[in-house]
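Below are the chains, spelled out letter by letter.
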Amino acid sequence: MARISPFLVAALVIPPAQVAIAGDYLSIDAAQRGLFAQAERFDEIVLALNSPQKQSVTELAGPQPPHRSLRAWKAVRGNDVLGYVFVDEVLGRQDMITYAVGIDASGRMGSLEVLSYRESHGGEIRGTAWRNQFDGREGLQHLRFGTDIKNIAGATLSCEHVTQGVRWIAALWQVTLRSGAPVSGSTS
């Protein structure tokens, strides 16, 4: 009877290395066109919040993961504002997730687009079924993680943090853009 080397046994039971799924998947321009295909142009806007607005957004949105940057554009056709595109970055588990979401002029949200995912786990949030959970949502009462937006096993922090980020965007839209409040520093 042949003896098996203990080193060979150890090599057989070591799990394979995790395959990184990090990558850039969609440009901002492609996300804008996907969210508002009928728009003729996208005008970048600067949202400069005063102290009461910041407090309102914070109270409405609830707890937040760290954010790195937020950019916003008006989707315009002719003289009509069709809605807004927001590109945000939130911390997943260890690295940033860049995503885009559109909110039309009436406050209805489009599906979520993942532009860049830099984590080694949880990339399932790029799946259509998870992203489409945001499509058609209106108001913060329909954007609760675990209740309205379901989790994906193995992607809990990514799901939760992106949902919290979208809540921030919805609150920001509600406080600064819903009522047609003036937007500071519009740029083209």
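Description of the structure in this document. The structure displayed is predicted, hence computed values, not measured ones. (Residues numbered from 1 in each chain as written. Predicted model: local features only at pLDDT ≥ 70, side-chain atom pairs only at ≥ 80, totals over all residues. Heavy atoms only, no water.)

For the structure shown, the criterion picks out two aromatic pairs. Aromatic pair Y84 and F86: ring centres 6.5 Å apart, planes at 40°, arrangement tilted. Neither Y84 nor F86 differs from the other in exposure class; each is buried. Relative to F134, the ring of W130 lies with its centre 5.2 Å away and its plane at 70°, an arrangement referred to as edge-to-face. Each member of the pair W130 and F134 is classed as buried. Here R126 stacks its cationic end above the ring of Y25, 3.4 Å away from the centre of that ring. (Phe/Tyr/Trp six-rings, centres within 6.5 Å; stacked < 30°, edge-to-face > 60°. Buried < 20%, exposed > 50% of the residue type's maximum accessible area, 1.4 Å probe, protein only. Lys NZ or Arg CZ within 6 Å of the ring centre and 35° of its normal.)

Turning next to the pattern of salt bridges. On inspection of all chains with the given rule, the structure shows six salt bridges. For D43, the salt bridge is made with R41, and the minimal N-O distance between the two is 3.1 Å. Its relative accessible area of 14% is what places D43 among the buried residues. Two residues, E89 and R68, come together in a salt bridge whose shortest N-O distance is 3.8 Å. Of this pair, E89 sits in strand 4 (residues 80–91) while R68 sits in strand 3 (residues 67–77), and the two are 21 residues apart along the sequence. Overall, the relative accessible area of 52% leaves R68 in the exposed class. Bridged by salt links that share partners, the residues R68, E89 and R118 form one connected network. (Salt bridge = Lys/Arg side-chain N within 4 Å of Asp/Glu carboxyl O. Helix = DSSP H or I, 4+ residues; strand = E, 2+ residues; numbered from the N terminus.)

Every buried residue of helix 3 (residues 51–61) is accounted for by Q53, V57 and A61. For helix 3, the angular spread of the buried residues around the axis is 55°, confining them to a single face. When the buried face of helix 3 is taken as reference, the exposed residues oriented beyond 90 degrees from it are S51, P52 and E59. In this structure, the buried residues of helix 3 make contact with helix 5 (156–177). Two residues or fewer after helix 3 comes G62, characterised by a positive phi angle close to 85°. (Arc of directions from axis to C-beta. Contact = heavy atoms within 4.5 Å.)

Let's shift gears to the sheet that holds strand 4. With respect to topology, six strands assemble into an open sheet ordered 1-6-5-4-3-2, the strand pairing being antiparallel. The open sheet is flanked by strand 1 (23–24) and strand 2 (41–45), the only strands paired with a single partner. Looking at chain direction, strand 5 (residues 96–104) and strand 6 (residues 113–117) are connected through four bridges and run antiparallel. Along strand 6, the bridge assignment pairs A100 with E113. Against the sheet, helix 5 contacts strand 2, strand 3, strand 4, strand 5 and strand 6, and its axis sits at roughly 140° relative to strand 4. (Pairing = 2+ DSSP bridges. Axes fitted to C-alpha atoms, helices over the stretch in contact; angles between N-to-C directions.)

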